[in-house]
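# Survey of secondary and tertiary structure
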Amino acid sequence: MQILLRKIRETENRFDIKVDEISCSGYFWRSGKHKAEIEGKIQGNISLSCDRCGEQFFEDIEEPFHIEVIDQPLKVTDCLDVIECLDGIVDFDTICKSEIASIQSEYHLCKKCKDIDEFEIEY
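Keep in mind it's a predicted model, so treat the numbers as computed, not measured.

### Overview of the packing of aromatic side chains
Taken as a whole and assessed by the stated rule, the structure comprises three aromatic pairs. Arranged with centres 6.4 Å apart and planes meeting at 50°, the rings of Phe-15 and Phe-28 form a pair that is tilted. Separated by 13 residues along the polypeptide, Phe-15 in strand E2 (residues 13-19) and Phe-28 in strand E3 (residues 22-32) bring together distant segments of the chain. Here the two residues Phe-15 and Phe-28 agree in accessibility, since each one is buried. Aromatic side chains Phe-15 and Phe-92 sit 5.1 Å apart centroid to centroid with 40° between the ring planes, which places their arrangement in the tilted category. Remark: Phe-92 occurs in helix H1 (residues 92-104) and Phe-15 occurs in strand E2; sequence separation between them is 77 residues.

### Section: the pattern of salt bridges
In total, this model carries three salt bridges according to the counting rule given. Between Asp-16 and Arg-14 there is a salt bridge, with the nearest N and O atoms lying 3.3 Å from each other. Under the relative-accessibility criterion, Arg-14 is labelled partly exposed at 46%. Residues Glu-68 and Lys-35 are paired through a salt bridge, measuring 3.8 Å at the closest nitrogen-oxygen approach. You can see Glu-68 sitting in strand E5 (residues 56-70) and its partner Lys-35 sitting in strand E4 (residues 35-49), a full 33 residues away along the chain.

### Structural notes on the state of the cysteines
Going through the model one piece at a time under the given rule, you end up with one disulfide. A sulfur-sulfur separation of 2.3 Å characterises the disulfide bridge that pairs Cys-24 with Cys-96. Torsion about the S-S bond of the Cys-24 and Cys-96 cystine: about -70°, corresponding to left-handed handedness. In this pair, Cys-24 sits in strand E3 while Cys-96 sits in helix H1, placing the two residues 72 residues apart along the sequence. Here Cys-50 is not disulfide-linked; the sulfur of Cys-113 is the nearest cysteine sulfur, at 3.6 Å. The exposure class of Cys-50 is buried, given its relative accessible area of 4%.

### Thoughts on the sheet that holds E2
Spatially, E2-E3-E4-E5-E6 is the arrangement adopted by the five strands of the open sheet, whose pairing is mixed. The outermost strands of the open sheet, each flanked by one partner alone, are E2 and strand E6 (82-84). Looking at each pair of strands side by side, their axes are set apart by 30° on average, direction ignored. Here seven bridges tie E2 to E3, and the two strands are oriented antiparallel to one another. Residue pairing in the sheet places Arg-14 in a bridge with Tyr-27 of E3. Contacting E2, E3, E4, E5 and E6, H1 crosses the sheet at an angle of about 50° to E4.

About the thresholds
All residue numbers refer to positions counted from 1 along the written sequence of the respective chain. Given that the model is predicted, a residue must reach a pLDDT of at least 70 before its local features are reported, and side-chain atom pairs must reach 80 or more before they are shown or counted; all residues, however, enter totals for whole chains, interfaces and linings. Think of the side-chain values as coming from all heavy atoms in the structure, minus any hydrogens and water. By convention, a stacked pair of Phe, Tyr or Trp rings (six-membered ring in the case of Trp) has centres within 6.5 Å and planes under 30 degrees apart, an edge-to-face pair has planes over 60 apart, and any other such pair is tilted. Runs of E in the DSSP output that reach at least two residues are strands. Runs of H or I that reach at least four are helices, and both are numbered from the N terminus. Exposure classes here rest on a 1.4 Å probe applied to the protein chains alone. A residue is buried below 20% of its type maximum, exposed above 50%, and partly exposed in between. One speaks of a salt bridge when a side-chain nitrogen belonging to Lys or Arg is within 4 Å of a carboxyl oxygen belonging to Asp or Glu. Cysteine sulfur pairs qualify as disulfides if the two atoms are within 2.5 Å. The criterion for strand pairing is that DSSP finds at least two bridges linking the strands in question. Each axis is a line fitted through C-alpha atoms, and for a helix only the stretch in contact is used; angles between axes span 0 to 180 degrees, taken between their N-to-C directions. Residues are treated as being in contact if the distance between any of their heavy atoms lies within 4.5 Å.

Set out below in structure tokens:
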């Protein structure tokens, strides 16, 4: 789903996107001349990699997110929840996929490794 930033209104609009087994839903609205905000939630069964043993596993998640979208070059360097869309198009599919990738890149342990007190595993 793509929308021109200039066509987003100040009233909240709902969005629902499904990526594999994960749903991304929430609201978006215009919060300034060159800015829109997206508030949503990612939930579903996500594929993760254990950071200790490397095994793939699935886990149910429910993660909220809040993002600002601007159509001008970013001047603030310490704000991580801002996306520049210099072409003026807000791409919700890309934003949701990026949020899912961000969750997958965090530190995760499978059930087997969570129960082990020792950090190193010998095979």
